[in-house]
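Understanding the architecture of this molecule
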Amino acid sequence: MTNPSLLILAGDGIGPEVMAEVRKVIGWFGDRRALRFDVGEDLIGGASYDAHGTPLTDAVIAKAQSADAVLLGAVGGPQYDTLDFSLKPERGLLRIRKDMDLFANLRPAQCFDALADFSSLKRDVISGLDIMIVRELTSGSYFGEPRGIFREGNERVGINTQRYTESEIARVARAAFGLARQRKGKVCSMEKANVMESGVLWREVVSEIHAAEYADVALSHMYADNGAMQLVRAPRQFDVILTDNLFGDLLSDCAAMLTGSLGMLPSASLGAPMENGRPKALYEPVHGSAPDIAGQGRANPSACILSFAMALRYSFGQGAEADRLEAAVGAVLAQGIRTADLLSAPDATPVSTAGMGDAVIAALEAGL
Ligand code: NAD
């Protein structure tokens, strides 16, 4: 049997640094858990622009389309700021998401106990938090037409359009309900049905899909503004939050930062099922290329390592091994091992990017 395939696009800035630690982890799973992947590697973002004059080549898109999963580091850097918009590193990222039609963005907000004091919320509100935001990623206000800045009489008017078709709502709803079945079995759908017709349709379609296909999952609805309040008031009431592109952009950032540092936050973007029944998928840390610390060995590789854990769970059907990896990251934090972004005491000594990766490997080994 052939191994599942994984395409690594490390990108720019700290991307290659954090990805080097993920490679150690991938190697460990191959050696110690007989979980082997055919790993390919290629360029995206500024690295691709430097080599090919474009932030993403058609050849890399083709590789991404045929891989079982794509793992991405980060793109961008100040040296590319003056490039034409179409050549900027970030365009590579937008294109790969669009070409793979990755319509469901999964952003977990999980609080590692050792980091509970990092949250802006009180420990007793945040401790044990484990929620998943499912954000629609390829439609809604960021894509709807008409859009633009137009002249009306003697002033300009800026227009964006919130537009959703039934099928766009249905497919992301199915993704959320499917996830809830693997979790605590609850979905809270958030929109603004009180003031937006697209929200009315969203609520109707989500309810229809629920009744017809996922009646075993508990469904509730909430206006997105109340959802934002509830997220900071009592976040543990949620399991899976399903929402559109615009509200999801805000709610997922809010939920994620409840748990502490950008260096800890993974994400997944999922598309339609492939022949093997698993979704097309791209996994990446939420953070960017962090040019301010690139090349200094100060980046926290945890977000990228936890993104690989999501790949194990959602693309490779290895939920128990994903749990093992997440527990290893938790164990490292519990030992007080920290990269610089997770240190509040000025006299504390951080570990390097490689030191954090090595500590995760040691914790995996200790957990066998
Ligand atoms: P950023 O996420 O790169 O950095 C924000 C701050 O968080 C910086 O101070 C950085 O040092 C810190 N940080 C980020 N990741 C960290 C990690 N793993 N460990 C320790 N500290 C970390 O956001 P930015 O500074 O706004 O953007 C920098 C570049 O990255 C820009 O070119 C931007 O366009 C790009 N960007 C890319 C992505 C992506 O690839 N998905 C996302 C956001 C920004």
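Residues numbered from 1 in each chain as written. Predicted model: local features only at pLDDT ≥ 70, side-chain atom pairs only at ≥ 80, totals over all residues. Heavy atoms only, no water.

1. Considerations on the site of the ligand
Around the ligand sit 21 residues, and of these Glu 90, Gly 288, Ala 290, Asp 292 and Asn 300 come closest. Separating an oxygen atom of the ligand from a backbone N or O atom of Val 75 is a distance of 2.9 Å. Ser 289 places a main-chain nitrogen or oxygen 3.1 Å from an oxygen atom of the ligand. A total of 800 Å² of accessible area belongs to the ligand in isolation, and the protein chains cover 68% of it. Here the shell around the ligand is composed, by residue class, of 10 nonpolar, seven polar and four charged. (Near = heavy atom within 4 Å. Polar contact = N/O pair within 3.5 Å; in protein donor to acceptor, adjacent residues only side chain to side chain. Areas by Shrake-Rupley, 256 points an atom, 1.4 Å probe, with all protein chains shown as cover. Nonpolar A, V, L, I, M, F, W, Y, C, P; charged D, E, K, R; others polar.)

2. As for the packing of aromatic side chains
Under the criterion given, the structure shown has seven aromatic pairs. For the pair Phe 37 and Phe 308, a centre-to-centre distance of 5.9 Å together with 80° between the ring planes defines the contact as edge-to-face. With Phe 37 in the loop between α1 (15-33) and β2 (38-42) and Phe 308 in helix α10 (residues 302-314), this pair connects stretches of sequence that are 271 residues apart. Overall, the relative accessible area of 12% leaves Phe 37 in the buried class. Using a relative accessible area of 0% as the deciding quantity, one classes Phe 308 as buried. An angle of 70° between the planes, with centres 5.3 Å apart, marks the rings of Tyr 164 and Trp 202 as edge-to-face. With a gap of 38 residues between them, Tyr 164 in the loop between β7 (155-161) and α6 (166-182) and Trp 202 in helix α7 (residues 197-213) connect regions that are remote in the sequence. A relative accessible area of 8% places Tyr 164 in the buried class. A residue is classified by how much of its surface remains accessible, and Trp 202, at 2% relative accessible area, is buried. Ring-pair connections join several aromatic residues into one group, and the members of that group are Trp 28, Phe 29, Phe 37, Phe 308 and Phe 316. (Phe/Tyr/Trp six-rings, centres within 6.5 Å; stacked < 30°, edge-to-face > 60°. Helix = DSSP H or I, 4+ residues; strand = E, 2+ residues; numbered from the N terminus. Buried < 20%, exposed > 50% of the residue type's maximum accessible area, 1.4 Å probe, protein only.)

3. A few points about the layout of surface pockets
Approximately 940 Å³ is the volume found for the largest pocket. Glu 90, Leu 93, Leu 94, Arg 97 and Leu 137 are the residues nearest the centre of the largest pocket, which is lined by 35 residues in total. For the lining of the largest pocket, the residue count by class is 12 nonpolar, 11 polar and 12 charged. Counting contributing residues, the lining of the largest pocket receives three or more from each of domain 1 (1-120 + 259-368) and domain 2 (130-242). Those elements that place two or more of their residues in the lining of the second largest pocket are β4 (104-110), α6, β11 (266-273) and α10. (1 Å grid on protein atoms, 1.4 Å probe; cavity = no way out; pocket = protein on both sides within 12 Å on 5 of 7 lines; lining within 4 Å. Points joined across faces, edges and corners; volume = space filled by probe spheres on them. Domains from an automatic or database assignment.)

4. Quick word on helix α4 (residues 89-99)
Each α-helix winds once per 3.6 residues, and so residues spaced three or four apart point in a common direction. Within the sequence span of α4, burial applies to Pro 89, Gly 92, Leu 93 and Ile 96. Axial view of α4: buried residues confined to an arc of 95°, hence all on one face. Contacts from the buried residues of α4 go to β1 (5-11), α2 (46-52), α3 (58-66), β3 (69-74) and β12 (279-285). Looking at the residues trailing α4, positive phi occurs at Asp 101, about 50°. (Arc of directions from axis to C-beta. Contact = heavy atoms within 4.5 Å.)

5. Observations concerning the pairing of β3
The buried fraction of β3 amounts to six of the six residues, a majority that puts the element mostly inside the structure. When β1 meets β3, the two strands line up parallel, connected through five bridges. The residue bridging Leu 6 from the neighbouring strand is Ala 69, located in β3. Sheet topology places β3 next to β12; two bridges connect them, and they run parallel. Residue pairing across strands places Leu 71 opposite Tyr 283, the latter belonging to β12. (Pairing = 2+ DSSP bridges.)

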